[in-house]
Protein chains: 2
Amino acid sequence: MQKIGPGHSMTKTLATLILVGSVLTVPHPAIAAPADSAAIRASALKDDVAMDFTEGLTTEVGPRPAGTPQEARARAWAVKTLKALGFSNIRAEAYTMPVWVRGREEARVTAPFPQPLVLAALGNSGSTPEAGIEGNIAYFPTIADLEAAPETAVTGKIVFVDHEMRATQDGSSYGYFGAARRTGPSIASKKGAIAILVRSIGTDHHRIAHTGVQMWAEGATPIPAAAVSVPDAEQIARIVKRDKPVRIHLTLTSKMLADQPSGNVIAEIPGRDPKAGLVVAACHLDSWDQGTGAIDDASGCAIAAASALQVRKGGQPRRTIRLLLAGAEEVGGDGARAYFNAHGTERHALAIESDFGADRIWRIDFKLPAGHEALQERIATAVAPLGIGASKQEAGGGADIAPLVKAGVPVIDLQQDGTRYFDLHHTPDDTLDKVDPEQLRQNVAAWALVLNEVANAQETLGNN
Amino acid sequence: MQKIGPGHSMTKTLATLILVGSVLTVPHPAIAAPADSAAIRASALKDDVAMDFTEGLTTEVGPRPAGTPQEARARAWAVKTLKALGFSNIRAEAYTMPVWVRGREEARVTAPFPQPLVLAALGNSGSTPEAGIEGNIAYFPTIADLEAAPETAVTGKIVFVDHEMRATQDGSSYGYFGAARRTGPSIASKKGAIAILVRSIGTDHHRIAHTGVQMWAEGATPIPAAAVSVPDAEQIARIVKRDKPVRIHLTLTSKMLADQPSGNVIAEIPGRDPKAGLVVAACHLDSWDQGTGAIDDASGCAIAAASALQVRKGGQPRRTIRLLLAGAEEVGGDGARAYFNAHGTERHALAIESDFGADRIWRIDFKLPAGHEALQERIATAVAPLGIGASKQEAGGGADIAPLVKAGVPVIDLQQDGTRYFDLHHTPDDTLDKVDPEQLRQNVAAWALVLNEVANAQETLGNN
């Protein structure tokens, strides 16, 4: 997941449709009444499709950064796999985008206590010369302190923002603490810093840095920008406390490539009633480059795919369930925008997205049109036995469905427990072993229940 | 800690004594009866010296590989700090040794599923050319499978040994599983492998590889040898299961330097009775290069120093307590041998060592001469309130006191809980945040009680 920030300046072509599979390749049950909730729960809690999907994508493709050949391999893998699983109308929809490519990244304290640091460049970071740069640290406990600092405290220095993230169950601290990564580089650049390091936006204590995208604000010159691991941030803070000038040598090389191919993958469980609108079940196919993107977001795509198949087991739904495996989520949502440009005028009955790992779902949020209280109640009742409580907070969706939600498409959020999500998020540590098969099955069950209720609802949903 | 293996071939000069401080720099209490156990426990459980020592060494020096300028800085730091703490007869005792220096280390699967791997070269690894090497994997679930394999299954290949370590409270699994690292490279080399990768000898699931020393057996040509992180090992195993040839590109550059300076640091609490022999309290000052060596073994030196000071609070002990902060433990015990060469003929009443982190001590093992059952009982009684049980297992000491123990010096082991030790051991993750201040204090208390009993015992101890 990557927090939705202000729109960025990446150019992109209009989506190109590439029809890969347009007919059902596996027969499915004849039209039937939708399965009852108990049957779906029982079946989905034994699901193996989601784990197999997650294992396959993370093993056979591995890391899949947006706009790279690895992401293209992920699209090919997804098309092949969704075909084998019996989805219909499978296609990759292409677009192009600029791509930032990580290079060498090395840093060391050179004075007063020489020692290496572990870091990861942030997306769109500027590049140092091959030989690196060296400068004194300007230390700021929080992003607010950097904002308040006079230029004289920053100019010519390597800014360090030591903004310590705390874990929360719903991930809401990402908004507050993530500012160090999202806006720190532009603020530091405008005040004349030669580079910026931030404490990783993460809640672990491993020597593993959390990368993530940041966009240069209007008028900010790109400077080298990286996150250090949490133990490295604490080490820098301890060294700074000794009240001697702290010097750092930093090498961050990277490059930008124009017009690289990316794309979304779409697949469907066709509904009986084409006029009833689509239910879009979204996730993203790209990942950051250092892990295999198991929790971010292979498991999200696995949950969407496996739960759609669970619904189909009970018979063809009224509404088409459309999987959207979006490309390029991590770097700004190019895939989501391409999808909306291509499909925004279709009738969307609901959008739902999984992009917060695969730990157990504990809460459901709704944003349904007025007059749909009965549907909302049926859904809440269906998922309650899984330990999921209905909240009064309005659903907001995520980056992959953001343009749809903005356009007024109804949305439901199934909130995963995020307590350990930011231990792993955007790090090399985002690997398959972090996915708990039992919690993944609970996710599939919750999703299947929601998709089943919405796809089969007799109510009218969607505006177009 | 590094497991004691067969002696290796490193040359070393005789220790050179450099007397740094030969007089007491801080006055200490006049001769008094030893403090009772309750008073020592109460005082030591409030100790701050050990945490300050650990914080200082890991912050102001950081990583301190044997035979490097960083290890020399650690000696200077230790001499300065022990002086400030009021120790006597502080000195660095120099020797020289050959030093293996890590270079670039990169690996990636090139087929069938291209993706990067996280690895760390093992000590004394051979070097690849700058451009790296590429070869097919020969997969062995355990070291026994590699041993049993015909040469034809190994020659020209990159061996991978997937020997999965399990955690134990007493660390005893290190002996069994560690064989993949200690003997795997020599076996693979003798069978014609072009390189060897082993699953990290570690119990964590982070993208952090566990390094460690290995010695080339007689007749084994050095080949590139590295450990991959546990998640990477699992990924390789999953890829291998797909039954397609797995190719890996590997770049490991390193170099050997002859005759580099290393040394031990010694400091004393002088005893009242020079004829009663010394109590040696040992640890090692060097660390691996990628972490700051907080649990391995800054905390061990901190425990030894802080507990000796706790004993002195109760008055001058009968026997001298000598701290031995050994150099070069991680790479083969050069410091321990240099100490023994210089001091082996002195009367050593007891040797005790801390080199297994700083989690709570749960067990005490003894190897005292026959007829010292009363002393043993007094010690066991003193530490029992800390939750430490006396075992029937004979104490064995560790690498830093191994030559003394081999020569018959009595030894006591205070066994730390090692359940999480091999999550961190020999990794970049061995940093200060992994030391729990409360458990560290329990260590200081246990050590202070043992040192107090032994240093003040009226019994005769030691042979010389």
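Residues numbered from 1 in each chain as written. Chains lettered and ligands numbered in written order. Predicted model: local features only at pLDDT ≥ 70, side-chain atom pairs only at ≥ 80, totals over all residues. Heavy atoms only, no water.

A. How the structure looks around the relation of the copies chain B and chain A. Between chain B and chain A, the superposition needs a rotation of 180 degrees and an axial shift of 0.0 Å, giving an RMSD of 0.0 Å. Read as a symmetry element, the transformation amounts to a two-fold axis. Most of the interface of chain B is mirrored in chain A, where 100% of its interface residues are also at the interface. (Least-squares fit on C-alpha atoms with pLDDT ≥ 70 in both. Contact = heavy atoms within 4.5 Å.)

B. Focus on the packing of aromatic side chains. Residue and element names in this part refer to chain A. Overall, the coordinates contain 14 aromatic pairs over all chains when judged by the stated rule. Considering the side-chain rings of Tyr-174 and Phe-422, the 4.7 Å spacing of their centres and the 35 degrees angle between planes classify their relative orientation as tilted. On the criterion of sequence distance, the pair formed by Tyr-174 in helix α5 (residues 173-177) and Phe-422 in helix α13 (residues 421-424) is long-range, its members being 248 residues apart. Comparing Tyr-174 with Phe-422, the two get one shared label, buried. (Phe/Tyr/Trp six-rings, centres within 6.5 Å; stacked < 30°, edge-to-face > 60°. Helix = DSSP H or I, 4+ residues; strand = E, 2+ residues; numbered from the N terminus. Buried < 20%, exposed > 50% of the residue type's maximum accessible area, 1.4 Å probe, protein only.)

C. Fine view of the interface of chain B and chain A. Listed by partner, the interface residues are 32 residues for chain B and 32 residues for chain A. Of the roughly 2500 Å² buried between chain B and chain A on both sides combined, carbon and sulfur atoms contribute 49%. Three residues stand out in chain B for area buried against chain A, namely B:Thr59, B:Arg207 and B:Arg242, and they jointly supply 22% of the buried area on that side. At the boundary of chain B with chain A, the tally comes to four salt bridges. Close ionic contact of B:Arg242 with A:Glu55 constitutes a salt bridge, the shortest N to O distance being 2.7 Å. (Buried area = accessible area lost by both parts, 1.4 Å probe. Salt bridge = Lys/Arg side-chain N within 4 Å of Asp/Glu carboxyl O.)

D. The arrangement of the environment of A:Val454 in detail. All names here are of chain A. Position of Val-454 among the secondary structure elements: in helix α14 (residues 437-456). With 143 residues separating them along the chain, Val-454 and Val-311 place their C-alpha atoms 11 Å apart. Excluding residues within four positions of it along the chain, Val-454 makes contact with Val-279, Arg-319, Leu-350, Ile-379, Ile-412 and Leu-461.

E. Structural view of the pairing of strand β7 (residues 195-199) of chain B. Residues and elements named next belong to chain B. The buried fraction of β7 is high, at five of five residues. By the alternation rule, side chains of β7 split into Ala-195, Leu-197 and Arg-199 and Ile-196 and Val-198, which are all buried. Taken together, the four bridges between strand β6 (residues 158-161) and β7 define a ladder with parallel strand orientation. Within β7, the position partnered with Val-159 by the bridge is Ile-196. (Pairing = 2+ DSSP bridges.)

F. Quick peek at helix α14 (residues 437-456) of chain B. Residue and element names in this part refer to chain B. Under the 1.5 Å per step criterion, the end-to-end length of α14 is 28 Å for 20 residues, consistent within 8% with the ideal 28 Å. Burial runs high along α14: 17 of the 20 residues are buried. Capping of α14 at its N-terminal end is provided by Asp-436; its side-chain oxygen lies 3.0 Å from the backbone amide nitrogen of Glu-438. (Expected span 1.5 Å × (residues − 1). Polar contact = N/O pair within 3.5 Å; in protein donor to acceptor, adjacent residues only side chain to side chain.)

G. Examining the state of the cysteines more closely. All names here are of chain A. Evaluation of the coordinates by the stated rule reveals two disulfides over all chains. Between the sulfur of Cys-283 and that of Cys-301 lies a disulfide, 2.1 Å long from S to S. Linking Cys-283 and Cys-301, the disulfide has an S-S dihedral of approximately 100 degrees and is accordingly described as right-handed. Residue Cys-283 is located in strand β10 (residues 278-284), and its partner Cys-301 is located in helix α9 (residues 294-313); the two are separated by 18 residues in the primary sequence. For Cys-283, a relative accessible area of 0% corresponds to the buried category. (Disulfide = S-S within 2.5 Å.)

H. How the structure looks around the domain arrangement of chain A. Residues and elements named next belong to chain A. Here chain A is partitioned into domain 1 (10-96 + 258-456) and domain 2 (103-253). Computed over C-alpha atoms only, the centres of domain 1 and domain 2 are separated by 34 Å. Facing 20 residues of domain 1, the contacting portion of domain 2 comprises 22 residues. Approximately 1600 Å² of surface area, both sides summed, lies buried where domain 1 meets domain 2, with 59% of it carried by carbon and sulfur atoms. Of all residues in domain 1, Trp-288, Phe-422 and His-426 give up the largest surface area on contact with domain 2, accounting jointly for 33% of the area buried on that side. Seen at the junction of domain 1 and domain 2, the total is zero salt bridges. In this structure, the connection of domain 1 to domain 2 is made through seven residue pairs in polar contact (both at pLDDT 80 or more). Those elements that place two or more of their residues in the side of domain 1 that touches domain 2 are β13 (361-367) and α13. Sort the elements by how many residues they give to the side of domain 1 that touches domain 2 and α13 lands first, with three residues. (Domains from an automatic or database assignment.)

I. Main features of the pattern of salt bridges. What the rule picks out here adds up to 53 salt bridges over all chains. The salt bridge partner of A:Arg199 is A:Asp162, with a shortest N-O separation of 3.6 Å. You can see A:Arg199 sitting in strand β7 (residues 195-199) and its partner A:Asp162 sitting in the loop between β6 (158-161) and α5, a full 37 residues away along the chain. For the pair shown, A:Arg199 and A:Asp162 are each scored as buried. The partner of B:Arg166 in a salt bridge is B:Glu164, and the shortest N-O contact between them spans 3.3 Å. For B:Arg166, a relative accessible area of 52% puts it in the exposed group. The exposure class assigned to B:Glu164 is partly exposed, which follows from its relative accessible area of 31%. One connected set of salt bridges, linked through shared partners, spans A:Arg91, A:Glu93, A:Glu268, A:Arg322 and A:Glu346.

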